[in-house]
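Commentary on secondary and tertiary structure
Listed here are the chains, written in short residue letters.
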Amino acid sequence: MPVRIHHVLCPIDFSEGSRHALDYAVMLARWYRARLSVVYVHQLSMPVYGVSYLGPEGLQPIVLTELERRHLLDRLEKEVAEDRTAAHLDIETALDEEANVAEAIVSRARTTSADVIVIGTHGRSGFERLVLGSVAEKVLRKAACPVLTVPAHSPDAVPLDAGSMRRILCPVDFSNSSQEALRYAAAIAEEAHASLTVLHVLELPPDLSEYADAMGLMQYRELRFQHARSQLSHTVKAAVPATCKADELVLVGKAHPEILRVAADQTADLIAMGVRGRGTADLMFFGSTTNHVIREAQCPVLTLKGEHPR
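In what follows, the accompanying structure is described. The shown structure was predicted, so the numbers you read here are calculated from the model rather than taken from an experiment.

1. With respect to the packing of aromatic side chains
Inspection of the entire model under this criterion finds two aromatic pairs. Seen from their ring centres, W31 and Y32 are 6.4 Å apart, and the 85° between their planes marks the pair as edge-to-face. On the accessibility criterion, Y32 (14% relative accessible area) is buried. The residue whose ring lies beneath R75 is F14, and the NZ or CZ to ring-centre distance is 4.1 Å.

Here it is, written out as structure tokens:
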């Protein structure tokens, strides 16, 4: 089933990283003939000093003046003016004022039925802070729609359209979310006539002695490897249409270094991977695999969770 994108949402903060993300948002909107919403969220702050006779509840957040709002709206319009003309796109701009920036982005995506959020992973507050403790991480966790994270160190040459992508990598761990990501990646690969590599990284226990006593270390490793290959083939057959060629690859090692190595070796244009829900185990998964890939990847990473309409 083809990917259907009617609305792309791109939050920006006027940094170089968010400009790079906007270039990718424009590319997606042009390819899918979608409307593009570009939003700047001004974070409301409380007065640093001040006493209210009503107590802390009496202090009101510092909001933008009308002049400041007009200045930011004009700046947004200038940011998209060239894209609107060159790409012949329906681009709308918006300015939100909220205390929680990530919640504002997720709320806007939900209320405007965004099909994908495109966000840079290097804002003015610093890359580590943005990805690990602030906006991008929270958007990834809470957004129901797919999220395309664009690293500031990804190639400057943005594909003219999705059809210019040549190599897509989709790591799978056989979870529902990774299978959904595979279906999505296969649809994009088929539309773009891109090559698709489906990767499973087999992580063996650090101490194999308890498993190897009965059958031997090599036999145990081979058994696990063959089982993984069989499971991968079954997953690909179920998720990838026959009209889309997919290369299957099983490697043994730690997940995120192998994913990053294969992406670099293949000069991948896109990594598509599943993100699980919000339970304790899922947060550990996010921290140990997805977050590492997003933080270190040299190309954009598309994350999906669960069922998402295409």
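2. Details of unusual backbone geometry
If you check the backbone angles, R33 has positive phi at about 55° while not being a glycine. With a relative accessible area of 80%, R33 lands in the exposed category. Non-glycine residue T267 carries a positive phi angle of around 50°. With respect to the helices, strands and loops of the structure, T267 is situated in the loop between helix 9 (255-265) and strand 9 (270-274).

3. A short note on the packing of helix 6 (residues 176-192) against helix 8 (residues 217-239)
Direction vectors running N to C along helix 6 and helix 8 enclose 55°, while the axes themselves pass 9 Å from each other. Classified by the angle between their axes, helix 6 and helix 8 sit oblique to one another. Helix 8 is crossed by helix 6, and the crossing has right-handed handedness. In this structure, helix 6 uses Q179, L182 and R183 to contact helix 8, whose residues at the interface are T235, V236 and A239. Of the residues that constitute the contact of helix 6 with helix 8, the class distribution is three nonpolar, two polar and one charged.

Procedures and definitions
Residues numbered from 1 in each chain as written. Predicted model: local features only at pLDDT ≥ 70, side-chain atom pairs only at ≥ 80, totals over all residues. Heavy atoms only, no water. Phe/Tyr/Trp six-rings, centres within 6.5 Å; stacked < 30°, edge-to-face > 60°. Buried < 20%, exposed > 50% of the residue type's maximum accessible area, 1.4 Å probe, protein only. Lys NZ or Arg CZ within 6 Å of the ring centre and 35° of its normal. Helix = DSSP H or I, 4+ residues; strand = E, 2+ residues; numbered from the N terminus. Axes fitted to C-alpha atoms, helices over the stretch in contact; angles between N-to-C directions. Parallel < 35°, antiparallel > 145°, perpendicular 65-115°, else oblique. Left-handed = near helix turned anticlockwise from the far one by under 90°. Contact = heavy atoms within 4.5 Å. Nonpolar A, V, L, I, M, F, W, Y, C, P; charged D, E, K, R; others polar.

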